[in-house]
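Structural characterization, general
Here is what each chain is made of, one letter per residue.
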Amino acid sequence: AQSVAQPEDQVNVAEGNPLTVKCTYSVSGNPYLFWYVQYPNRGLQFLLKYITGDNLVKGSYGFEAEFNKSQTSFHLKKPSALVSDSALYFCAVRVLGNTPLVFGKGTRLSVIA
Amino acid sequence: DTAVSQTPKYLVTQMGNDKSIKCEQNLGHDTMYWYKQDSKKFLKIMFSYNNKELIINETVPNRFSPKSPDKAHLNLHINSLELGDSAVYFCASSLQGNNQPQHFGDGTRLSIL
C-alpha cells in the first residue's frame, strides 16, 4: 500500500529566506506526486504535481519541488518565503488503478516577518 | 464562479440524527470524492465516484451513503450520527485519471453534540 511521510509537524522560516518542506513516499510502481496547501477554514488548493519527465517541477505562487527517485522524496521548495505562505502543506501520492490519493499528515509552515 | 461548492458550511446536530451534505461542481469534471479531515488535520478518502459510478469505498461505516444523481453532484447522507463523526468533510472533483489534480470545496464542519 502507498504511504507518505512528512517528518516535520512545523517549519519556521524568516521572510525572504528559502524554505523547504520535506516529503518522502513509499509505493509499488511509479508514483504520481502532488503538493497541496490549506489556508484556515478553506479547502486544499493544488500547488504542483510530478507525473513523469523533468525531476524539477514548478508550480503556483513560486513553489517548486524536486522528485528524487533514489531517495523516494519530493520536497517542496521556494527561494524566498513570504508571510502569506504561512499555511498547512500536504504532500500526496497516487499510483495507477482504482487507488486513492493518499495524503501525508501535513506540515505547518510559519513565515515570520 | 465557485468551482466546488458544499452546503451547509456548518452543521451542528444531536447524536442519533440523520443529516445530508450536498456538493456540486461546475468544472465539467467526471470524478468526485468525499474526504474526512479529523481534528489533527489528517485527511482520508471516504468515497470516489466516476461518471456516477462508485469506484472507491474506503472502509467507511455503512451509516455513510453517498449518492451521485449526475456527474456534477455528489451528496453524502449520514444516518445515526455518532460523536466520532465530528470532523470537517471535504468534497473534491477532478478529470478522470490518477494523475489529475483534485479541486476541493471549502468543507462542511460537522459537530455532534
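Before going into details, it helps to say that this report is about the structure given with it. These numbers come from a predicted model, not from an experiment.

Hydrogen bonds between backbone atoms are what pair the strands of a sheet, whose relative direction is either parallel or antiparallel. Residues and elements named next belong to chain B. Pairing is antiparallel across the open sheet formed by four strands, whose spatial order is S1-S3-S8-S7. Pairing within the sheet leaves two strands with one partner each, and these edge strands are strand S1 (4-7) and strand S7 (64-70). Each strand axis lies, on average, 20° off the axis of its neighbour in the sheet, ignoring direction. Pairing of S1 with strand S3 (residues 19-25) involves four bridges; the strand directions are antiparallel. Within S3, the residue paired with Ser5 across the bridge is Glu24.

All names here are of chain A. Applying the stated criterion across every chain yields a total of two disulfides over all chains. A sulfur-sulfur separation of 2.0 Å characterises the disulfide bridge that pairs Cys23 with Cys91. Around the S-S axis, the bridge from Cys23 to Cys91 shows a dihedral of about -60° and counts as left-handed. On the criterion of sequence distance, the pair formed by Cys23 in the loop between strand S3 (19-21) and strand S4 (24-26) and Cys91 in strand S10 (residues 87-94) is long-range, its members being 68 residues apart.

Between chain A and chain B, the contact holds 24 residues from the first and 22 residues from the second. If you sort the residues of chain A by the area they bury against chain B, Leu44, Arg94 and Phe103 of chain A come out on top, with a joint share of 27%. Taking the shortest distance from any N to any O, the salt bridge between Arg42 of chain A and Asp106 of chain B comes out at 3.0 Å. On the surface where chain A and chain B come into contact, there are ten residue pairs in polar contact (both at pLDDT 80 or more). Looking at the side of chain A that touches chain B, the elements that each hand over two or more residues are strand S5 (32-38), strand S6 (44-50) and S10 of chain A.

Criteria and cut-off values
- Residues numbered from 1 in each chain as written.
- Chains lettered and ligands numbered in written order.
- Predicted model: local features only at pLDDT ≥ 70, side-chain atom pairs only at ≥ 80, totals over all residues.
- Heavy atoms only, no water.
- Pairing = 2+ DSSP bridges.
- Helix = DSSP H or I, 4+ residues; strand = E, 2+ residues; numbered from the N terminus.
- Axes fitted to C-alpha atoms, helices over the stretch in contact; angles between N-to-C directions.
- Disulfide = S-S within 2.5 Å.
- Contact = heavy atoms within 4.5 Å.
- Buried area = accessible area lost by both parts, 1.4 Å probe.
- Salt bridge = Lys/Arg side-chain N within 4 Å of Asp/Glu carboxyl O.
- Polar contact = N/O pair within 3.5 Å; in protein donor to acceptor, adjacent residues only side chain to side chain.

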